[in-house]
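# Overview (structure and organization)
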Amino acid sequence: MLPDLYVIRHGETEFNAIGRMQGGLDSRLTNKGREQADVMADKLRGIVGPNTHDLICSPQGRALATADPISVATGCPIAPVADLREISMGDWTGLPRSEIDRRWPAPNPNEHFIEFYARAPKGESFENLWDRVGRVLDGLTRPTVIVTHGFTSRFLRTRAMGWGMDRIADLPGKQGAIFQISNGQHKEF
């Protein structure tokens, strides 16, 4: 049984706001993204603390910038974990969605976002990301706040629920939300 988890996607970035693929790149949080980070920090204040929880984070700047106010509010030091980085988008890294759609058209007009990520040329495989988040979960020893990225969060939460990769789309994903996993239950906190 896993310890209780609070899983957070970084706040909105400049790339998010204009529809540009980040993957391994980084862009700064927007004003909205900084506000999201502050609101999430306030929600965790008094609930999470250094004597009861760990705070682990992707080493990418946008995740660290989101974790910083959480660290200040809770007193938990940030521990960067390389396996929490975002999925690599391969040849699509840094490109706007409009250019991707023009150069690599979807095989069908109703392509699901999971299928979109799966076909990124030279992108990271889903199996590799699945293994990375598994290593993170296997290393947890007590309740933990995890600050990561959209796609990585979905994989991590799906695996934490004991589900298979075929259920990745079953969980919600958005910025500015804290997802709690406790006793096998998933909910927005």
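Residues numbered from 1 in each chain as written. Predicted model: local features only at pLDDT ≥ 70, side-chain atom pairs only at ≥ 80, totals over all residues. Heavy atoms only, no water.

Moving on to the overall build of the chain. Check the secondary structure of the chain and you find seven helices and six strands. Helices (α) and strands (β) of the chain occur, in sequence order from the N terminus, as β-α-α-β-α-β-α-α-α-β-α-β-β. The globule rule puts the C-alpha radius of gyration for 189 residues at 16 Å, and the 16 Å found for the chain is close to it. Viewed in the frame of its principal axes, the chain has a C-alpha envelope of about 50 × 35 × 25 Å. Burial analysis of the chain (189 residues in total) assigns 48% to the buried set. A fraction of 69% describes how many contacts in the chain between residues 6 or more apart in sequence connect residues 24 or more apart. For the chain, the computed accessible surface area is about 8,900 Å², with 49% contributed by carbon and sulfur atoms. Side-chain charges in the chain split into 23 positive and 23 negative, and the spacing between the mean points of these groups amounts to 2 Å. (Helix = DSSP H or I, 4+ residues; strand = E, 2+ residues; numbered from the N terminus. Rg over C-alpha atoms; globule rule 2.2 N^0.38 Å. Buried < 20%, exposed > 50% of the residue type's maximum accessible area, 1.4 Å probe, protein only. Contact = heavy atoms within 4.5 Å. Areas by Shrake-Rupley, 256 points an atom, 1.4 Å probe, with all protein chains shown as cover. Lys, Arg positive; Asp, Glu negative; His and termini not counted. Charge placed at Lys NZ, Arg CZ, Asp CG, Glu CD.)

It is worth spelling out helix H7 (residues 150-160) at this point. The periodicity of an α-helix, 3.6 residues per turn, causes residues three or four places apart in sequence to face the same way. Among the 11 residues of H7, 10 are classified as buried, and the element is accordingly described as predominantly covered. Buried residues of H7: Gly150, Phe151, Thr152, Ser153, Arg154, Phe155, Leu156, Arg157, Thr158 and Ala160, and no others. Looking at the buried side of H7, the elements it contacts are strand E1 (5-9), helix H5 (113-118), helix H6 (126-138), strand E4 (144-148), strand E5 (178-182) and strand E6 (185-188).

We now examine the pairing of E4. For E4, a buried count of five out of five residues is recorded, marking the element as mostly surrounded by other parts of the structure. Every second residue of E4 is oriented toward a common face, with Thr144, Ile146 and Thr148 on one face and Val145 and Val147 on the other, all of them buried. The sheet contact formed by E1 and E4 spans five bridges and is parallel. Its bridge partner being in E4, Arg9 is matched across the sheet by Thr148. The sheet contact formed by strand E2 (residues 54-57) and E4 spans four bridges and is parallel. Looking at E4, one finds that Cys57 is bridged to Val147. (Pairing = 2+ DSSP bridges.)

On to the packing of aromatic side chains, then. Counted under the stated rule, the structure contains 10 aromatic pairs. With a centroid separation of 5.6 Å and an interplanar angle of 45°, the aromatic rings of Phe126 and Phe151 are classed as tilted. Here the residue Phe126 occupies a position in helix H6, and Phe151 occupies one in helix H7, the gap between them amounting to 25 residues. Assessed through its relative accessible area of 15%, Phe126 is described here as buried. Measuring from ring centre to ring centre gives 5.2 Å for Phe126 and Phe155, while their planes differ by 75°; the resulting arrangement is edge-to-face. Of this pair, Phe126 sits in helix H6 while Phe155 sits in helix H7, and the two are 29 residues apart along the sequence. Above the face of the Phe116 ring, Arg97 is positioned so that its terminal group lies 3.7 Å from the ring centre. Across from the ring centre of Trp163, 3.7 Å away, lies the NZ or CZ of Arg167, which sits over that ring. (Phe/Tyr/Trp six-rings, centres within 6.5 Å; stacked < 30°, edge-to-face > 60°. Lys NZ or Arg CZ within 6 Å of the ring centre and 35° of its normal.)

Keep in mind these numbers describe shape, not what the thing actually does.
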